[in-house]
Amino acid sequence: MCLSIGTERAAQLPKSSKGTIQRGVANDVYKEEIDRLYNGAPADDSASPNIKRNEDEIRDFILETVSSVAGDRAKKTPIELDTDLFSWGVNSVMATRIRTALQKVSRSSIMYRTC
């Protein structure tokens, strides 16, 4: 997880007499930002509205996300629901990218809709 802060906010980092950052105090100063990151909320309070999706839309979104991360491989062989991602060429770095892409939208735009 990573959050970029402006120079004004960075100036608030408490430092010791040696010039090192005081972690305990810094955790208190950035408590809200840290909590938002760990809870998966957007860092800038611009949360997307909750859009309910049905199962087919969620499945299609996930397949599109995996295909876009896999890049060239997706152009050669289309991904299916039962595709073995490891044999398809998805490695740990790609898996992390897929997870991050899905996590960015999971709280707002791919919520499962029940009838």
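### Thoughts on the overall build of the protein
The secondary structure content of the protein amounts to six helices and two strands. For the protein, the succession of helices and strands along the chain, N to C, is α-α-α-β-α-α-α-β. Classification of the 115 residues of the protein by burial places 17% in the buried group. Here the analysis covers contacts within the protein between residues at least 6 apart in sequence; of these, 54% occur between residues at least 24 apart. In the form shown here, the protein has an accessible surface area of approximately 8,800 Å², with 52% of it arising from carbon and sulfur atoms.

### Some points on the confidence of the model for the protein
Averaged over the protein, the pLDDT score is 75; the fraction of residues at 70 or greater is 74%. Throughout residues 45–49 the model reports pLDDT below 50, and contacts reaching past four residues in sequence, or to other chains, amount to four contacts. Counting interchain partners and residues more than four positions distant, the pLDDT-below-50 stretch residues 108–115 has 26 contacts.

### A word on the side chain of Thr65
With respect to the element layout, Thr65 can be found in helix α4 (residues 55–70). If we ignore the near neighbours within four places in the chain, the residues touching Thr65 are Ile98, Ala101 and Leu102.

### Some thoughts on the pattern of salt bridges
On inspection of all chains with the given rule, the structure shows three salt bridges. The closest approach of N and O atoms between Lys31 and Asp35, which form a salt bridge, is 2.8 Å. Here Lys31 pairs with Asp35, and both are found in helix α3 (residues 31–38), just four residues apart, close to one helical turn. A residue is classified by how much of its surface remains accessible, and Lys31, at 47% relative accessible area, is partly exposed. With a shortest N-O distance of 2.1 Å, Asp56 and Arg59 are connected by a salt bridge.

### Concerning α4
Within an α-helix, residues lying three or four positions from one another point in the same direction, as the helix has 3.6 residues per turn. The end-to-end C-alpha distance of α4, which contains 16 residues, comes to 23 Å, matching closely the 22 Å that a straight helix rising 1.5 Å per residue would cover. Burial in α4 covers these residues: Ile58, Thr65, Val66, Ser67 and Ala70. Immediately beyond the C-terminal end of α4, within one or two residues, lies Gly71, with a positive phi of roughly 65°.

### Some remarks on the nonpolar core
Listed in full, the eight residues of the largest apolar core are Val66, Ala70, Ile79, Trp88, Val90, Met94, Ile98 and Leu102. Contributions of two or more residues to this core are made by α4 and α6 (92–106). Top element by residues in this core is α6. It accounts for three residues. When sequence neighbours within four positions are dropped, the list of residues in contact with Met94 reads Val69, Ala70 and Gly89.

### Notes on the side chain of Glu33
Looking at where Glu33 falls in the secondary structure, it is placed in helix α3. When its relative accessible area of 13% is taken as the criterion, Glu33 is described as buried. Once residues within four sequence positions are removed from consideration, Glu33 is found in contact with Leu3 and Arg9.

About the cut-offs
- Residues numbered from 1 in each chain as written.
- Predicted model: local features only at pLDDT ≥ 70, side-chain atom pairs only at ≥ 80, totals over all residues.
- Heavy atoms only, no water.
- Helix = DSSP H or I, 4+ residues; strand = E, 2+ residues; numbered from the N terminus.
- Buried < 20%, exposed > 50% of the residue type's maximum accessible area, 1.4 Å probe, protein only.
- Contact = heavy atoms within 4.5 Å.
- Areas by Shrake-Rupley, 256 points an atom, 1.4 Å probe, with all protein chains shown as cover.
- pLDDT = per-residue confidence, 0-100.
- Salt bridge = Lys/Arg side-chain N within 4 Å of Asp/Glu carboxyl O.
- Expected span 1.5 Å × (residues − 1).
- Core = buried A, V, L, I, M, F, W, Y, C linked by side-chain atoms within 4.5 Å.

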